[in-house]
Amino acid sequence: MPLTATTAAPPVNRVGLDRTAMIAVVVCWLFVVFDGYDLIVYGNVIPSLQKEWGISAATAGTLGSLAFLGMMIGAVLAGRLSDVVGRKRAVIGCAIVLSVFTALCALATGPVMFGALRLIAGLGLGGLVPTSNAFAAELIPAKWRAAVATMMMSGVPIGGSIAALIGIPVIPNWGWQPMFAFALLPLILLVPMAWKTLPDHTAAVTSTEVRPATGFSALLGTRFRSVSIMFALATVVTLLAWYGLGTWLPKLMQGEGTDLGSALTFALALNLGAVAGSFVTAWGGVRFGTIPTSIVAALLAGLALLTLLTGPPVALIYVIFVLAGVGTHGTQCLIIAAVASYYPDYLRGTALGWALGVGRIGAVAAPQIGGLLLAAGLGADSNFILFGVSALVAALLLTVIWRRFPSPT
């Protein structure tokens, strides 16, 4: 069936970035920063919630998993929705849901109410990354798409670093509630900015083109099925390692005898490493290719985390967490970049939503498994083995993708 070209927005410059596109990409990146803050903030408040509500490590893990369960649903639905109703509406809608329900967590009086609010906030949390990345990918020249997709994801650890930096003075003096109340700022500042600056952009095709099959039927059809499943599996184990560390690291280090302030500095090292990793892997992806660079990043993370089992000195532990941040988050950035480059425009949002949505199984499992390991008395090392081995499995899966599924773009 012929499809007429959309006139909702001026054509995107595929050779260079105009001012409107640059502003839109920056706004999308700021939403990813907000997403990163919300992802990491829970890990920073776990010790405070356990003390105030008297919950076990296993229950704390369940609460963490609820947000990731919402993310899994939100990523799949929002990615498909953005291909149907447009990126702008999908991005802004996800941001509103995330901001409102995260802020409401500050009013929670117990774990049941808190968990329900985190589950709903997770819908927006999961949808914001794939919709923002799909939007940005369509606003930039194809040759820069992989690099910009990787750089966009630097917002996640930057947001996580902000959460750790704010938590160091705020939590000991004012408790955990302000950490969630801060989520109102994006609603007040970013949403109006996005409404004014984001173009009503949808990928246009000419009237002579015929729209191919779209949605999940195309994604899991003959052409893309195998690689789509492989991307999803690689995302599962990568997110298990990254979000497992993001959720449990302060608690794990407290269990090793450090105070809360010092434990949060380890989380800060992890997130600063992830920030650096976003830029290093962006360069590596352009220079050597996204998939080969992601294999190296995953290997780096896995080996670094398993080195913790040798009982290294404190200075080396900081280095290890920096490398773990570079490797785990860098790998995920590169997977997103590979997906954004692998699929055509009409399928990009759905593909990103699929990879991140199914991949959230790892994010859902990480807090729960980590909590169960601690509750069983297996200590911090059991978590580091889990996350390290997950990173190594990611390297193996990405190697299969590299060898068997060369990018058609």
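Here is a short report on the structure shown in this document. Every value quoted in this text rests on a predicted model; they were computed, and no experiment measured them.

### Focus on the nonpolar core
If you look at the biggest cluster of nonpolar residues, it comprises 116 residues, and the most contacted ones within it are Phe114, Phe231, Phe321, Tyr343 and Phe384. Discounting chain neighbours no more than four positions away, the residues touching Phe321 are Leu249, Met253, Phe266, Ala269, Leu270, Leu308 and Phe384.

### Comments concerning the packing of aromatic side chains
Applying the stated criterion across every chain, the model contains nine aromatic pairs. Judged by centre distance (6.0 Å) and plane angle (35°), the ring pair of Tyr42 and Phe114 falls under tilted. Taken together, the positions of Tyr42 in helix H1 (residues 19-53) and Phe114 in helix H4 (residues 111-138) put the pair 72 residues apart, joining distant regions of the chain. For the pair Tyr42 and Phe114, a shared accessibility class is recorded, and that class is buried. Here Phe231 and Tyr342 contribute two aromatic rings whose centre-to-centre distance is 6.0 Å and whose plane-to-plane angle is 75°, an arrangement assigned as edge-to-face. With Phe231 in helix H10 (residues 225-255) and Tyr342 in helix H13 (residues 314-342), this pair connects stretches of sequence that are 111 residues apart. By relative accessible area, which is 8% here, Tyr342 ends up buried.

### Let's talk about the packing of H1 against helix H3 (residues 87-104)
With their axes 11 Å apart at the nearest point, H1 and H3 run at an angle of 30° to one another. With respect to H3, the element H1 is oriented roughly parallel. Pair H1 / H3 crosses with left-handed handedness. The segment H1 lies against H3, with Phe31, Phe34, Asp35 and Asp38 engaging Val91, Ala95, Leu98, Ser99 and Thr102.

### Here's the deal with helix H14 (residues 345-375)
Over its 31 residues, H14 extends 46 Å from the first C-alpha to the last, a length consistent with the 45 Å expected when each residue adds 1.5 Å. Of all bends in H14, the biggest is about 30°, found at Ala365, and the proline Pro367 comes one to four residues later. Just beyond H14, the residue with positive phi is Gly377, at close to 80°.

### Some points on the packing of H4 against H14
The N-to-C vectors of H4 and H14 enclose an angle of 150°; their axes lie 9 Å apart at closest approach. It follows that H4 is roughly antiparallel to H14 by the angle criterion. As H4 packs across H14, the resulting crossing turns out to be right-handed. Within the contact between the two elements, H4 uses Gly126, Val129, Pro130, Asn133, Ala134, Ala137 and Glu138 and H14 uses Asp345, Arg348, Gly349, Leu352, Gly353, Leu356 and Arg360. Looking at the contact of H4 with H14 residue by residue, the classes come out as six nonpolar, four polar and four charged.

Criteria and thresholds
Residues numbered from 1 in each chain as written. Predicted model: local features only at pLDDT ≥ 70, side-chain atom pairs only at ≥ 80, totals over all residues. Heavy atoms only, no water. Core = buried A, V, L, I, M, F, W, Y, C linked by side-chain atoms within 4.5 Å. Buried < 20%, exposed > 50% of the residue type's maximum accessible area, 1.4 Å probe, protein only. Contact = heavy atoms within 4.5 Å. Phe/Tyr/Trp six-rings, centres within 6.5 Å; stacked < 30°, edge-to-face > 60°. Helix = DSSP H or I, 4+ residues; strand = E, 2+ residues; numbered from the N terminus. Axes fitted to C-alpha atoms, helices over the stretch in contact; angles between N-to-C directions. Parallel < 35°, antiparallel > 145°, perpendicular 65-115°, else oblique. Left-handed = near helix turned anticlockwise from the far one by under 90°. Expected span 1.5 Å × (residues − 1). Bend = angle between axes of the 7 residues up to and from the residue. Nonpolar A, V, L, I, M, F, W, Y, C, P; charged D, E, K, R; others polar.

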